[in-house]
Amino acid sequence: MRKKPIIGITGAYVKHNNYMEGVYVHHDYHKSVAANGGIPIILPFLNKEMSVEMFSICDGIILSGGEDVDPQFYGQDPHPHLGPTIAERDRAEIALVHYALEHDVPMLAICRGVQILNVALGGTLLQDIPSQVNEPIQHTQSIDRSHDSHWIMIEKGSQLAQIMGEERVRVNSLHHQAIDTVAPDLRIVAKSADGVTEAVEYIHPTTFTIGVQWHPESMSSTTPQMNNLFGQFIQSCMKLKS
Ligand code: MN
C-alpha cells in the first residue's frame, strides 16, 4: 500500500525544436516534495477536462512558476512588457484551482502559481512591476535563484507567519509580475517594502491553501523556514489521504 501522498506539480512549457517540445518543471520542486515525504509527479496541460482527471489522483497540488498569465483572463489588454503567455495552461490551471477548493485538496501556489490562483478567483495582476509600481525594488534578481535578495513583512497571526516563525523574512525574487487587485476570497499576508504582494491565503481555509510570490523550492535545502513550508503542505496532504 502506498503511504506517501502524491503531489501533482503543474508543468510549464518548453519547445527546443520540433523534436523536443513538452512540459518542464524545475528539479528543485521534485527535491523539495520528496525531501518532505511526498511523491512528486508532473502534470502536463492538455485541456480543462483532462487536467481535472489528472488531478483526481493527486493528494495535493503545486501550481508552479512559468509563463505570464494571459491578461484576457482578468479582462485586460496586453501591456507592452507582457512576457510569453499560454492560454491553454491558464485554462487548465484555473480549472485546477476551482477543483482543489471544491474538494478541499491542499494547494501550494508558487510565483506564477499565486498569480493564477488570484486570477482564477477574480483578481487582477500587475503586468510589469518596473513600469507599473512607484519606486519598485528589484524583483528579478540576477544572483543565483537559491539566494535571498529582498525582505518581506508577513502579517502577524497568519498561517504563513506561523510556518515561518518570523514576521520579517528574506526571500528570493524571480518575477516581473505580481498581484494587483486581490481576489475577494484571498487575503494578502505578506508584502515587500515597495508594497508588492508577496503572499496570500484563502479566507475560508479548510485545508492548506497558500500562495507565495517567491521560490521556496529553490531555498528549501538551505533554509529551514522554506523547507517547513513544504513540510506543512505535505502534512496537510497526508491528512487528506488518511
Ligand atoms: Mn519579490
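Whatever comes next refers back to the structure up there.
Quick caveat, the model's predicted, so the values are computed rather than measured.

**Let's talk about the nonpolar core**
So, step 1. One finds Ile62, Leu160 and Trp214 to be the most contacted residues of the largest nonpolar core, which totals 31 residues.
So, step 2. Among the elements that make up this core, the one with the highest residue count is helix α7 (residues 224-241) (six residues).
So, step 3. Once residues within four sequence positions are removed from consideration, tryptophan 214 is found in contact with Ile110, Cys111, Ile152, Leu160, Met164, Val171, Asn172, Glu198, Ala199, Met219 and Met226.
So, step 4. Ranked by size, the runner-up nonpolar core spans 30 residues in total, among them Val69, Leu101, Leu125 and Val200.

**Details of the coordination of the manganese ion**
So, step 1. Coordination of the manganese ion by the protein comes from His139 (ND1), His150 (NE2), Ser173 (OG), His175 (NE2) and Glu198 (OE), over a distance range of 2.2 to 2.3 Å.
So, step 2. Of note, the donors binding the manganese ion are all from one chain and are spaced H-x10-H-x22-S-x1-H-x22-E. Residue serine 173 is located in the loop between β9 (168-171) and β10 (178-179), and its partner glutamate 198 is located in strand β12 (residues 197-202); the two are separated by 25 residues in the primary sequence. Each of the two residues, serine 173 as well as glutamate 198, counts as buried.

**Topic: the packing of aromatic side chains**
So, step 1. Applying the stated criterion to the full structure yields three aromatic pairs.
So, step 2. Between phenylalanine 208 and phenylalanine 233, the ring centres sit 5.4 Å apart and the planes meet at 55 degrees, which makes this aromatic pair tilted. Linking phenylalanine 208 in the loop between β12 and β13 (209-212) with phenylalanine 233 in helix α7, this pair joins segments that are 25 residues apart in sequence. Each of the two residues, phenylalanine 208 as well as phenylalanine 233, counts as buried.
So, step 3. Taking the ring centre of tryptophan 151 as reference, the NZ or CZ of arginine 168 above it sits at 3.7 Å.
So, step 4. Its end group placed over the ring of tryptophan 151, arginine 170 keeps NZ or CZ at 4.9 Å from the ring centre.

**With respect to the packing of helix α2 (residues 48-55) against helix α3 (residues 87-102)**
So, step 1. α3 packs onto α2 with a crossing angle of 45 degrees between their chain directions and a minimal axis gap of 8 Å. If you check the angle between α2 and α3, you find them oblique. Here α2 runs over α3; the crossing is right-handed. Here α2 contributes Lys48, Ser51, Val52 and Phe55 to the contact with α3, which in turn contributes Arg91, Ala92, Ala95, Leu96, Tyr99 and Ala100.
So, step 2. By residue class, the composition of the contact of α2 with α3 is seven nonpolar, one polar and two charged.

**Quick notes on the sheet that holds β9**
So, step 1. Pairing within the open sheet is mixed, and its nine strands lie in the order β4-β1-β5-β6-β13-β12-β11-β8-β9. Two strands close off the open sheet at either side, each with one partner strand: β4 (39-43) and β9. On average, each strand axis in the sheet is inclined to that of its neighbour by 25 degrees, with strand direction left out of account.
So, step 2. Looking at chain direction, strand β8 (residues 150-154) and β9 are connected through four bridges and run antiparallel. From the neighbouring strand, isoleucine 152 faces β9, where its bridge partner is valine 169.
So, step 3. Strands β5 (60-63), β6 (107-110), β11 (186-191), β12 and β13 of the sheet are contacted by helix α4 (residues 112-120), whose axis makes an angle of about 115 degrees with β6.

What counts and what doesn't
Residues numbered from 1 in each chain as written. Predicted model: local features only at pLDDT ≥ 70, side-chain atom pairs only at ≥ 80, totals over all residues. Heavy atoms only, no water. Core = buried A, V, L, I, M, F, W, Y, C linked by side-chain atoms within 4.5 Å. Buried < 20%, exposed > 50% of the residue type's maximum accessible area, 1.4 Å probe, protein only. Helix = DSSP H or I, 4+ residues; strand = E, 2+ residues; numbered from the N terminus. Contact = heavy atoms within 4.5 Å. Donors = N, O, S within 2.8 Å, 3.2 Å for Na, K, Ca; no water. Phe/Tyr/Trp six-rings, centres within 6.5 Å; stacked < 30°, edge-to-face > 60°. Lys NZ or Arg CZ within 6 Å of the ring centre and 35° of its normal. Axes fitted to C-alpha atoms, helices over the stretch in contact; angles between N-to-C directions. Parallel < 35°, antiparallel > 145°, perpendicular 65-115°, else oblique. Left-handed = near helix turned anticlockwise from the far one by under 90°. Nonpolar A, V, L, I, M, F, W, Y, C, P; charged D, E, K, R; others polar. Pairing = 2+ DSSP bridges.

Without other data, these values stay purely geometric and don't point to any function.
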